[in-house]
Amino acid sequence: MRDALRSSPLFSVRRLFICLAATLVVLTTDALFFHIKPIQTTAGFATELAIHTLGFYGGFTIVAVFNLTETR
């Protein structure tokens, strides 16, 4: 069961951490320098981080699933 989940394109811890890191860099840069999306509190930052990380993860998961069908 674990091997099937590890090799599954739907669940990837590595993809999740990459999305988390990319989102953290973008949100921190925005909060410190550009202020495109005004984030005032730590809770607001955490909420934005969770929402955008899951969005990136979902998008990359869809790409991984479609990429898998092309390679087979």
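Since we're looking at a predicted model, the values are computed, not measured.

### Structural notes on the overall build of the protein chain
In step 1: Of the regular secondary structure elements, the protein chain holds three helices and zero strands.
In step 2: The buried share among the 72 residues of the protein chain stands at 19%.
In step 3: Taking the intrachain contacts of the protein chain between residues at least 6 apart in sequence as the baseline, contacts between residues at least 24 apart amount to 68%.
In step 4: When the accessible area of the protein chain is evaluated, it comes to approximately 5,800 Å², of which 71% is carbon and sulfur surface.

### A few points about unusual backbone geometry
In step 1: Notably, His 35 is not glycine yet its phi reads approximately 55°, a positive angle.
In step 2: Along the chain, His 35 falls in the loop between α2 (13-34) and α3 (42-71).

### Focus on a nonpolar patch on the surface
In step 1: A cluster of nonpolar side chains, namely Leu 32, Phe 33, Phe 34 and Ile 36, defines an oily patch on the protein surface of about 540 Å² accessible area.
In step 2: You can see Phe 34 is positioned in helix α2.

### A short note on the confidence of the model for the protein chain
In step 1: Confidence in the prediction of the protein chain, expressed as mean pLDDT, is 83, and 81% of residues score 70 or more.
In step 2: Per-residue pLDDT, averaged within each element of the protein chain, yields its smallest value for helix α1 (residues 2-7) (56) and its largest for α2 (91).

### Here we look at the side chain of Glu 48
In step 1: Relative to the helices and strands, Glu 48 resides in helix α3.
In step 2: Here Glu 48 falls in the buried class, since its relative accessible area comes to 15%.
In step 3: A polar contact of 3.0 Å, which involves the side chain of Glu 48, links it to the side chain of His 52.
In step 4: With residues near it in sequence (within four places) discarded, Glu 48 still touches Leu 27, Lys 37 and Ile 39.

### Topic: the side chain of Thr 23
In step 1: Within the element layout of this structure, Thr 23 appears in helix α2.
In step 2: A relative accessible area of 2% places Thr 23 in the buried class.
In step 3: Only 2.7 Å separates the side chain of Thr 23 from the backbone oxygen of Cys 19, close enough to count as a polar contact.
In step 4: Each residue touching Thr 23, except ones within four places of it in the same chain, is listed here: Leu 49, His 52, Thr 53 and Phe 56.

### Digging into α2
In step 1: Taking 1.5 Å of rise per residue, the 22 residues of α2 would be expected to cover 32 Å, and the 30 Å separating its terminal C-alpha atoms lies within 8% of that figure.
In step 2: One side-chain oxygen at the N-terminal end of α2 lies 3.1 Å from the backbone nitrogen of Arg 15; it belongs to Ser 12.
In step 3: Looking one or two residues beyond α2, the residue adopting positive phi is His 35, at roughly 55°.

Rules and cut-offs
- Residues numbered from 1 in each chain as written.
- Predicted model: local features only at pLDDT ≥ 70, side-chain atom pairs only at ≥ 80, totals over all residues.
- Heavy atoms only, no water.
- Helix = DSSP H or I, 4+ residues; strand = E, 2+ residues; numbered from the N terminus.
- Buried < 20%, exposed > 50% of the residue type's maximum accessible area, 1.4 Å probe, protein only.
- Contact = heavy atoms within 4.5 Å.
- Areas by Shrake-Rupley, 256 points an atom, 1.4 Å probe, with all protein chains shown as cover.
- Patch = residues over 30% accessible without salt bridge, like charges linked within 9 Å, V, L, I, M, F, W, Y side chains within 5 Å.
- Salt bridge = Lys/Arg side-chain N within 4 Å of Asp/Glu carboxyl O.
- pLDDT = per-residue confidence, 0-100.
- Polar contact = N/O pair within 3.5 Å; in protein donor to acceptor, adjacent residues only side chain to side chain.
- Expected span 1.5 Å × (residues − 1).

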